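# Report on the structure
What follows is the residue order along each chain.
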Amino acid sequence: LEITEDDGTVPAINQSLPILEYLAERFREPPIMPKDLYLRARTRLLAEIVNSGIQPLQNLTTTNQVKAFGGDSAVWPKSFIADGLAAFERTARETAGQFCVGDAPSIADCCLIPQLASARRFGVDIAKHELLLAIEQRCMALPAFESSMPDRQPDAVK
């Protein structure tokens, strides 16, 4: 996805949350942040559980370093993912409706869906996370989520 400004420039933004915040502010519809300030903070909290608490421990740079130190890069992230998803679900229970925060998708959902895909890739048992799986099912029914899956991207290995 290439986003251009009104003047034709392409913004150089390469981290997930700044990209999501940019999109939320640049394209107001559909909103991906709640209007309520408290719910906005809760949305950011959920996104940060994934962004700061889980994802860095499973990214390629980290798992390659684990491998270089003689560790098992496939096993290393599993407990971080499992614990992080448990924390995410506990936190989401306080605000969830049809989605992580209320009844509209938000940046929290945008972070959750790829994290669930990653959990599956690493063989983490996610069956007990009924709330997260129900949210995932509702997200995946939306074209924006379905078309964003890694296997649907132009550079996907077929």
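Report follows, based on the coordinates. Every chain is numbered independently, its residues counted from 1 as its sequence is written. Per-residue local features of the predicted model are confined to residues with pLDDT of at least 70, and side-chain atom pairs are confined, for both listing and counting, to 80 or more; whole-chain, interface and lining totals are unaffected and use all residues. Where side-chain values are given, they derive from all heavy atoms of the structure, hydrogens and water being excluded.

### Here we look at the pattern of salt bridges
Opposite charge on two side chains makes pairing possible when the charged atoms of those side chains draw close. This is how it is decided: Only one rule defines a salt bridge in this text: a Lys or Arg side-chain nitrogen within 4 Å of an Asp or Glu carboxyl oxygen.
Per the stated rule, a full pass over the model turns up five salt bridges. Residue R93 is joined to E89 by a salt bridge in which the shortest nitrogen-to-oxygen separation is 3.6 Å.

### Details of unusual backbone geometry
Defined as follows: By the criteria applied, helices consist of DSSP H or I runs no shorter than four residues and strands consist of E runs no shorter than two, each listed in order from the N terminus.
With an omega of -10°, the peptide bond running from E29 to P30 counts as cis. Within the element layout of this structure, P30 appears in the loop between α1 (16–26) and α2 (37–54).

### Details of the environment of R121
Relative to the assigned elements, R121 resides in helix α5 (residues 107–121). Separated by 11 residues in sequence, R121 and C110 have C-alpha atoms that sit 18 Å apart.

### Notes on the packing of α2 against α5
Note the cut-off: Lines are fitted to the C-alpha atoms to define the axes, a helix being fitted only along its stretch in contact, and any angle between axes, read from their N-to-C directions, falls within 0 to 180 degrees. An angle below 35 degrees is read as roughly parallel, one above 145 as roughly antiparallel, one from 65 to 115 as roughly perpendicular, and any other as oblique. Here a crossing is taken to be left-handed if its near helix is turned anticlockwise relative to the far helix by less than a right angle, and right-handed if that turn runs clockwise. Note on definitions: a residue-residue contact is assigned when non-hydrogen atoms from the two residues lie within 4.5 Å. Residues are grouped as follows: nonpolar covers Ala, Val, Leu, Ile, Met, Phe, Trp, Tyr, Cys and Pro; charged covers Asp, Glu, Lys and Arg; every other residue, Gly included, is treated as polar.
Running from N to C, α2 and α5 point in directions that differ by 30°, and their axes come no closer than 7 Å. When the axis of α2 is compared with that of α5, the two are roughly parallel. Between α2 and α5 lies a crossing whose hand is left-handed. Where α2 abuts α5, its residues T43, R44, L46, A47, V50 and I54 lie against I107, A108, C111 and Q115. For the contact of α2 with α5, the class distribution of residues is seven nonpolar, two polar and one charged.

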